[in-house]
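Summary of the model geometry
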Amino acid sequence: QVQLVESGGGSVQVGGSLRLSCAATGFMFRNYNMGWFRQAPGKEREFVARITWGTSTSYADSVKGRFTISRNGAKSTVYLQMNSLIPEDTAVYYCARQVVGNTAYDAWGQGTQVTVSS
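So, a few notes on the structure that sits alongside this text.

Cut-off values and rules
Residues numbered from 1 in each chain as written. Predicted model: local features only at pLDDT ≥ 70, side-chain atom pairs only at ≥ 80, totals over all residues. Heavy atoms only, no water. Pairing = 2+ DSSP bridges. Helix = DSSP H or I, 4+ residues; strand = E, 2+ residues; numbered from the N terminus. Axes fitted to C-alpha atoms, helices over the stretch in contact; angles between N-to-C directions. Salt bridge = Lys/Arg side-chain N within 4 Å of Asp/Glu carboxyl O. Buried < 20%, exposed > 50% of the residue type's maximum accessible area, 1.4 Å probe, protein only. Phe/Tyr/Trp six-rings, centres within 6.5 Å; stacked < 30°, edge-to-face > 60°. Lys NZ or Arg CZ within 6 Å of the ring centre and 35° of its normal.

Quick word on the sheet that holds strand S3 (residues 18-25)
- The strand order across the open sheet built from four strands is S1-S3-S8-S7, with neighbouring strands paired in antiparallel fashion. Two strands close off the open sheet at either side, each with one partner strand: strand S1 (3-7) and strand S7 (67-72). With strand direction ignored, the average angle separating the axes of adjacent strands in the sheet is 15 degrees.
- In this structure, S7 lies alongside strand S8 (residues 77-82), joined through six bridges in antiparallel fashion. Its bridge partner being in S8, Arg-71 is matched across the sheet by Val-78.

If you want it as structure tokens, here you go:
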């Protein structure tokens with residue numbers, strides 16, 4: 001059974017940092033690309049960052065230079081280090097799995113809340 005479980009969310013002040021984790025079970029983690037998405041209240045879910053099975057990374061322009069995605073194959077975990085947080089980063093953050101060569105993400109976690117206050 002494929003499972004993605006996010007953790008590490010919370011409330012921080014502007015300029016603060018958080019590190020999100022997503023533990024993957026039930027599939028061969030090293031064979032998949034992994035992504036982070038977020039959804040703010042009243043908004044569509046949006047792409048945040050992606051890391052391929054080969055550890056190439058890509059980011060949304062809004063987080064480039066502030067967020068870093070990484071993965072640990074031994075722990076089957078993907079991380080999102082978020083620095084210099086701003087109120088616009090407030091959202092529920094989701095990790096997701098992407099089959100290599102596909103564009104769609106086919107498995108999602110339950111999400112973790114990040115709230116940035118000024």
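On we go.
A look at the pattern of salt bridges
- For the coordinates displayed, the defined rule picks out five salt bridges.
- Asp-89 is paired through a salt bridge with Arg-38; the nearest N and O atoms lie 2.9 Å apart. Here Arg-38 lies in strand S4 (residues 32-39) and Asp-89 lies in the loop between S8 and strand S9 (91-99), a separation of 51 residues in the sequence. The exposure classification of Asp-89 matches that of Arg-38, with both residues buried.
- Of the charged contacts, one joins Asp-61 and Lys-64 as a salt bridge, the two residues approaching to 3.1 Å between their closest N and O atoms.
- Residue classification places Asp-61 among the exposed residues on the basis of a relative accessible area of 66%.

Considerations on the packing of aromatic side chains
- Taken as a whole, this structure holds five aromatic pairs when the rule is applied.
- With centroids separated by 5.8 Å and ring planes inclined at 75 degrees, the aromatic side chains of Phe-37 and Phe-47 adopt a geometry described as edge-to-face. One end of the pair, Phe-37, is in strand S4; the other, Phe-47, is in strand S5 (residues 46-51), with ten residues separating them in the sequence.
- Accessibility expressed as a relative area gives 10% for Phe-37, which makes it buried.
- Residue classification places Phe-47 among the partly exposed positions, given a relative accessible area of 29%.
- What links up through ring pairs into an aromatic cluster is the set Phe-37, Phe-47, Tyr-105 and Trp-108.
- Over the ring of Phe-29 we find Arg-71; its NZ or CZ atom is 4.4 Å from the centre of that ring.
- A cation over a ring is seen here: Arg-97 above Phe-27, with NZ or CZ 4.7 Å from the ring centre.

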